[in-house]
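Given next are the chains, with one letter for each unit.
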Amino acid sequence: MSNRLRTIQSFVAIPNDLLMQARYVRVLQLSGIGLTNVPDVIGELKYLRYLDLSGNPFKELPESITTLYNLQTLRLLNCDELDRLPKGLSKLVNLRHLHIEDKFMKVPAGIERLTCLQTLPSLELSASDGEWKLHELGCLRDVMGRLQIGGLEYAKCKEEAQKAEIGAKPGISALRLKWSSRERDEDSNIVEKGVLDGLQPHPDLQCLEVDGFNGDSFPSWLTRMTVVTNDNLVVVKLVDCGDCSHLPTLGQLPVLKTLVIRGMKAIRQIGRELYTQSAGNGVQPDSSSGISTRNINALFPALTTLEINNCPNLAEWLQPESTNPPLESFPCLERLMIGGCPSLTITPTGFPSLRHLKLKRIKSAQPLLQYGKSSKLTSLILDDVEELTHLPKELCQQYTSLETLEIVACDNLACLPEDLGKLTSLKKLGVLWCPLLKTFPEIGGLRSLIQLCIGHCLGLTESPAGLDACTSLEVLHIYGCRNLDSKRRLEGSGEYRIAESVLRLPRLSTYIVGGNGINENEEEQPDHFVPDINPLLTMKSIRQLGLRGWPKLKSLPDQLRRFTALEELGINVFDGLEEIPEWIVHLAGRSNDPRPSLGLARTSTSNFSVHRKEELEPHDDGLIMRS
């Protein structure tokens, strides 16, 4: 091998003797070649500056790697089995970039010697004497990009955290600070508050995530960021800070776009301290360092996404205090998700730019009624809203831009708006697990509707009227509604049939059939699949077909042999099926057909799916839906 060779990129393992001949190589790329052991001989390549071992299943790196004193970049992305780095890592004094995906890594002591480091992996503290300590970060002044520090429950005090000098590193754009869940002693609250206080970042920070912090209050620097000139913070995530009963003041951050409040179990009220500082909330503006306070024209002026999730004791989310002149709040908010807040009954009103609203696992429907003034709403998802009995009358008049409407597990929902068909922009409509819903309104006006899914609505007795007028419909799922198909039987025959309105849908490409109207008593269940699926053969648009059966079924409908144009087939709840017939994977396997035969992904003989081989994906639920 030539001594002039400087770069090697291989897609297969390279014999050791060949590597030995490449002693002057500068770049070595061995990503995704199935390496279970990294050859020691790589340590002999003393001129190596760039080494990429990404996507390989090895569990450890040999110590010989640490003799590559000229190495500047080490890439270990998607090395899922690797959880620790070699003990002699600190010898790589010229290392600038250590690329590892977002998983916390056990790193040996001595990283303070790697003063050239700019890119760090996700670092996890531990109680071991042989692993890195928090103060070692103080020497790494050139760190940039995303920095994640886990295992902070092992940090001992504020002074140790201050030695990391996070605030002296302007290159850090994203900072994640994580405490793992474990039993805390009585002093943990004080220690964790001190540690977080000591990890104050540089004002240029763009993204901040505090995860698992169990102090009972946030440090003052979180509040001061709203008053001093900070034009960079775009994302704030406060996750599983279970003992904090109050949120920091964030409403004055000028470019904050995303705010996530999740797992804050001690919070009972989101009060006015979230919006602005005042003497009333015990925090005074900080005028130190000659930095002036900010004049504001709106609260949360740039926020576009807000998530409040898993706050079980949160009962009130208050409006900001009125001011003279009045300050607009949340003027740019487009996405709002409230979930896992069963006690929440009071929320602000008026989000003028709201486009996407999701309410999940809440008790009161009052927030929905308060947001009815948003005419820009395009997506509305209601999931497990306990007290929701009906949708607001204003929905169909004011939500004229609505494109997605999903209602899931609303046990007390008894009816849908009669003028649902006026939502002429609606593209996706789903109603699932709503047992009290008995009728479906006329939907003939939904000319833009592409997907319709109605499932497990046990009280539903009639299919939606006007279905055949939904000429844009491509995906139709109606299943688990045992009383729905009683009127589809042929008179006197006891058989079921596919509704004529379905057969007249010109663009229908995905359809689930069967399983509706079947008696739960196994003795009264048909012993063959119904309805007859032969009429679907006239629909040249069908590409994805799902069959939902019942426990008594022992065989698949033989008509399936004729569906040779299918790209995807899902089989669900054929409990009596003892084996999958061989012919099913050859539906498109004719010798004169250039298309590949179908491939099989199965979880059992009663639930499996068949796909074109190039699209094969394992899953657990019959037909795969793609949106």
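In this text, all values refer to a predicted model and were calculated from it rather than measured experimentally.

Here's the deal with the overall build of the chain
Scanning the chain for helices and strands turns up seven helices and 29 strands. Burial analysis of the chain (627 residues in total) assigns 50% to the buried set. Relative to all contacts within the chain whose residues are 6 or more apart in sequence, the contacts with residues 24 or more apart total 55%. Of the accessible surface of the chain, which amounts to about 28,700 Å², a share of 46% is contributed by carbon and sulfur atoms.

A look at a negative patch on the surface
Where like charges cluster on the molecular surface, the negative patch consists of D384, E386, E387 and D411. Of note, E387 is situated in the loop between β20 (379-385) and α6 (395-398). The exposure class of E387 is partly exposed, given its relative accessible area of 42%.

Regarding the pattern of salt bridges
What the rule picks out here adds up to 13 salt bridges. A salt bridge links D83 to R84; the shortest N-O distance between them is 3.9 Å. Because the salt bridges share partners, they merge into one network encompassing R176, K178, E209 and D211.

A look at the side chain of E209
Within the secondary structure layout, E209 lies in strand β10 (residues 207-211). Judged by its relative accessible area of 14%, E209 is buried. Residues within four places of E209 in sequence aside, it is in contact with R146, L175, R176, L177, K237 and V239.

Some words on helix α3 (residues 188-198)
Turning to α3, its buried residues are S188, E192, G194, V195, L196 and G198. On the buried face of α3, the contacting elements are α2 (158-162), β9 (172-178), β10 and α4 (220-224).

Remarks on the environment of K169
Looking at the secondary structure, you find K169 in the loop between α2 and β9. You can call K169 buried: its relative accessible area is 2%. Taking the C-alpha atoms as reference, K169 lies 5.8 Å from R141; in sequence the two are 28 residues apart. Aside from chain neighbours lying at most four places away, what touches K169 is L137, G138, L140, R141, V143, A164 and H202. A polar atom in the side chain of K169 sits 2.8 Å from the backbone oxygen of A164.

Brief notes about the packing of aromatic side chains
For any pair of aromatic rings, the description rests on two quantities: the centre-to-centre distance and the angle between the ring planes. Throughout the structure, instances matching the rule amount to eleven aromatic pairs. Taken together, a centroid distance of 6.1 Å and an interplanar angle of 80 degrees make the contact between Y275 and F300 edge-to-face. Remark: F300 occurs in the loop between β14 (298-299) and β15 (305-309) and Y275 occurs in the loop between β13 (269-270) and β14; sequence separation between them is 25 residues. Residue classification places F300 among the buried residues on the basis of a relative accessible area of 1%. Ring-pair connections join several aromatic residues into one group, and the members of that group are Y275, F300, W317, F330 and F351. The ring of Y479 has R548 sitting right over it, with the charged end atom 4.0 Å from the ring centre.

Looking at the nonpolar core
Membership of the largest hydrophobic core comes to 168 residues, with the highest contact counts inside it found for L76, L134, L137 and W317. For L134, the residues in contact, after removing those within four places along its chain, are L125, I149, L152, A155, E160, A161, A164 and L199. With five residues, the next largest nonpolar core counts V408, L432, C453 and Y479 among its residues.

Comments concerning the environment of L458
Relative to the helices and strands, L458 resides in the loop between β23 (451-455) and β24 (475-479). According to the relative accessible area criterion, L458 is partly exposed, its value standing at 31%. C-alpha of L458 to C-alpha of K438: the two residues are 20 residues apart in sequence and 8.1 Å apart in space. When sequence neighbours within four positions are dropped, the list of residues in contact with L458 reads P435, G480, R482 and N483.

Points about the sheet that holds strand β4 (residues 73-75)
Pairing between the strands of a sheet is mediated by backbone hydrogen bonds and can be parallel or antiparallel. Read across the open sheet, the five strands follow the order β1-β2-β3-β4-β5; overall the sheet is parallel. The open sheet has two free edges, formed respectively by β1 (7-9) and β5 (97-99), since each of these has just one partner strand. Geometrically, the sheet is characterised by an average inter-axis angle of 0 degrees between neighbouring strands, direction not taken into account. Alignment of β4 against β5, held across three bridges, turns out to be parallel. Across the sheet, residue R75 finds its bridge partner in β5, namely H99.

Some remarks on the confidence of the model for the chain
Considering every residue of the chain, the mean pLDDT works out to 84; 85% of them sit at 70 or more. Of all helices and strands in the chain, the one with the weakest mean pLDDT is strand β28 (residues 598-602) (57), whereas strand β12 (residues 258-262) scores best (98). Contacts from residues 588-597, a stretch scored under 50 in pLDDT, to residues over four places away or in other chains number 17 contacts.

Comments concerning the pairing of strand β8 (residues 145-150)
With two bridges joining them, strand β7 (residues 122-124) and β8 adopt parallel strand pairing. Looking at the pairing, L123 lines up with I149 of β8. Inspection of the sheet shows β8 paired to β9 by five bridges, in the parallel sense. Paired with L147 across the strands is L175, a residue of β9.

Brief notes about unusual backbone geometry
Cis geometry is found at the peptide bond from V530 to P531, where omega equals 5 degrees. Residue placement: P531 occurs in the loop between β25 (510-513) and β26 (544-548). Of note, the phi angle at D240 is positive, near 55 degrees, even though the residue is not glycine. Structurally, the position occupied by D240 is in the loop between β11 (235-239) and β12. Take D240: its relative accessible area is 38%, and that puts it in the partly exposed class.

Scoring rules and cut-offs
Residues numbered from 1 in each chain as written. Predicted model: local features only at pLDDT ≥ 70, side-chain atom pairs only at ≥ 80, totals over all residues. Heavy atoms only, no water. Helix = DSSP H or I, 4+ residues; strand = E, 2+ residues; numbered from the N terminus. Buried < 20%, exposed > 50% of the residue type's maximum accessible area, 1.4 Å probe, protein only. Contact = heavy atoms within 4.5 Å. Areas by Shrake-Rupley, 256 points an atom, 1.4 Å probe, with all protein chains shown as cover. Patch = residues over 30% accessible without salt bridge, like charges linked within 9 Å, V, L, I, M, F, W, Y side chains within 5 Å. Salt bridge = Lys/Arg side-chain N within 4 Å of Asp/Glu carboxyl O. Lys, Arg positive; Asp, Glu negative; His and termini not counted. Charge placed at Lys NZ, Arg CZ, Asp CG, Glu CD. Polar contact = N/O pair within 3.5 Å; in protein donor to acceptor, adjacent residues only side chain to side chain. Phe/Tyr/Trp six-rings, centres within 6.5 Å; stacked < 30°, edge-to-face > 60°. Lys NZ or Arg CZ within 6 Å of the ring centre and 35° of its normal. Core = buried A, V, L, I, M, F, W, Y, C linked by side-chain atoms within 4.5 Å. Pairing = 2+ DSSP bridges. Axes fitted to C-alpha atoms, helices over the stretch in contact; angles between N-to-C directions. pLDDT = per-residue confidence, 0-100.

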